[in-house]
Structure formats: C-alpha cells, structure tokens
Amino acid sequence: MASGNLACATLAMVALGLALLHPTYAQNTVADYLGLHNYARAMVGVAPLSWDTDIQADAQNYANQLAGACTLQHSQGPYGENLYMGYGDAAEVVGTWVGESHYYDPSSNQCISGQALLLSWDTDIQADAQNYANQLAGACTLQHSQGPYGENLYMGYGDAAEVVGTWVGESHYYDPSSNQCISGQVCGHYTQVVWGDTQRVGCGRSQCSSGAYIVVCNYDPQGNWVGQRPF
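Heads up: these notes are all about the structure in this document. Per chain, residue numbering runs from 1 following the sequence as it is written. With pLDDT at 70 or above as the cut-off, local features in this predicted model cover only qualifying residues; side-chain atom pairs require 80 or more to be listed or tallied, and sums for whole chains, interfaces and linings still use all residues. The basis for every side-chain value is the complete set of heavy atoms in the structure, and neither hydrogens nor water enter the calculation.

## Quick notes on the state of the cysteines
(1) Moving on: Pairs of cysteine sulfur atoms within 2.5 Å are identified as disulfides in what follows. Under the criterion given, the structure shown has two disulfides.
(2) Moving on: At a sulfur-sulfur separation of 2.0 Å, the disulfide partner of Cys181 is Cys187. Sign of the S-S torsion, about -85° for the bond between Cys181 and Cys187, identifies this disulfide as left-handed.
(3) Moving on: Cys203 shares a disulfide with Cys217; S-S distance 1.9 Å. Of note, the bridge from Cys203 to Cys217 carries an S-S torsion of about 105° and is right-handed in sense. Of the two residues, Cys203 sits in strand β7 (residues 200-207) while Cys217 sits in strand β8 (residues 213-220), which places them 14 residues apart along the sequence. Put simply, DSSP H or I for four residues or longer makes a helix, DSSP E for two residues or longer makes a strand, and each gets a number counted from the N terminus.

See the structure below:
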C-alpha cells in the first residue's frame, strides 16, 4: 500500500473505479498495467507514470517470494506497494485497487468511516432481471420497468467488465459535497451500484436482433432515494 495516512486508499484521488475494466486491457503486459494506472491518473489530472525496469525487477522478486507461501504481506520496502491475490488480469487487478475510490473523501483527505456491505447474488432478482431483459430485447430499446427494485440498464456489445465499468465510470460525475451529479451529467447508475443499504443484486442479459445485448441489473433494497447519500 502507498505510504501515508490513507490506509484504505489506493490511487486515492481517483474517482473512476471500475470504469477501468475495459476489454482493451484484458492482458497482463507492461502496456496494460501502465495504461490502466495512467488512465486512472489522467481522470484526476495527475501526471502519468513511467515504467521502471529496476522497480519491476524488485516487484517481481517479491511476488515470487509471496507466491511461495501463497499469502499477502507488505515488504516494508522503500517503495509504495499494492498487493493482489486472485485470478484476474491487469484490468481486474488495477480495477480492484481503483475501486476503492468511492471510499475516499476529498474534503477531509481521509477514507470514509465504514464501507458499503458486499452485495449477494439473488436468483429471484436475477430471474426478474432476465425476464425484463428478454422483453427489452424484443424491441431492442431501453426503458426502465418502474418495478420494485433499483435498476441499471445497458445496451451494447460489452462483457460484464464493460457493463459495470460503464455504470461505475459515472463516479467522476458524482459530487459528494453536494450529493448531486455534476450539472449536465448522469451519475445515478454509479450511485445505485455503491448504494450502502443495497444488499442483493441479480442481472439478466438478452441479445437483440441487431446483435447488441441488453443487460438489466436489479438491486434490493433499491437506492437513489432523494435526499439520502449513497454512502
């Protein structure tokens, strides 16, 4: 983790989150890791990083050490340090870290107290989402169902990373100080994804005759209540 008083913050000034999860970065090359970091930094006006082969060598050596015990422990070395253990590619790795952005409060330069609960998958909600995705695919159009759940819609050709990334990419249009979207922008898909009281999610996907996909994700309890904050 980077040094300093922000123990929960990784690329703490980033307000982008999972929008980095784009199929373009579905590899593990130098260009992938560097590009993902610099895309996040560009979104908040921070100068790009350059790749350093000496730092890379140190990182690789320590990764090899950790892999021996298959555990995570910071090295206490001279560099800022982020660690990950899992099965993801560069997009998932960096996206996981940058996803902490909505826990950072710029006004206090601190992490917010507490965090939103992890969502659980609900097969009943999934079935409702799938049924509605099938309906929308018939006309190949997007229209909210006005049902009992919070609801995010997507139409396009992307995979799950692009779908959720598109919604969470609205994070930099959300102004925590006013609890509003920036004027002229949309941020409600993002705030529903991170709504603190939401506990369950289910999604459905159906293909239109055009070849595009409709994705419906439903959330329970629903979020985006007027006058309430998402987190």
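Having seen the structure, we can now continue with the description.
## Quick look at the side chain of Asn38
(1) Moving on: Within the element layout of this structure, Asn38 appears in helix α1 (residues 30-43).
(2) Moving on: With a relative accessible area of 16%, Asn38 lands in the buried category.
(3) Moving on: We call two N or O atoms a polar contact when they sit within 3.5 Å, provided that within protein one can donate a hydrogen and the other can accept it, with sequence-adjacent residues counted only if both atoms are side-chain atoms. Only 2.5 Å separates the side chain of Asn38 from the backbone nitrogen of Leu49, close enough to count as a polar contact.
(4) Moving on: Contacts are assigned to residue pairs with any non-hydrogen atoms lying within 4.5 Å of each other. With residues near it in sequence (within four places) discarded, Asn38 still touches Pro48 and Leu49. The buried label applies to any residue whose accessible area, calculated with a 1.4 Å probe on protein chains only, is under 20% of its type's maximum; exposed applies above 50%, and partly exposed to all values in between.

## With respect to the nonpolar core
(1) Moving on: Formed by Ala129, Tyr132, Ala133, Leu136, Ala137, Leu153, Cys208, Ile214 and Val216, the largest nonpolar core amounts to nine residues.
(2) Moving on: Looking at this core, the elements with two or more residues in it are α4 (123-139) and β8.
(3) Moving on: The element best represented in this core is α4, accounting for five residues.
(4) Moving on: Not counting chain neighbours up to four residues away, the residues in contact with Ala137 comprise Ser206, Gln207, Cys208 and Ile214. The definition of a nonpolar core used throughout is a set of buried Ala, Val, Leu, Ile, Met, Phe, Trp, Tyr and Cys residues joined through side-chain atoms within 4.5 Å.

## Things to note about unusual backbone geometry
(1) Moving on: The peptide bond linking Asp220 to Pro221 adopts the cis configuration, its omega dihedral lying at -10°.
(2) Moving on: Looking at where Pro221 falls in the secondary structure, it is placed in the segment after β8.
(3) Moving on: In this structure, Gln76 is a non-glycine residue whose phi angle is positive, near 60°.
(4) Moving on: For Gln76, the location among the structural elements is in the loop between α2 (53-69) and α3 (90-98).
(5) Moving on: Residue Gln76 is classed as exposed on the basis of its relative accessible area, which comes to 71%.
(6) Moving on: One non-glycine residue, Asn224, adopts positive backbone phi at about 60°.
(7) Moving on: Within the secondary structure, Asn224 sits in the segment after β8.

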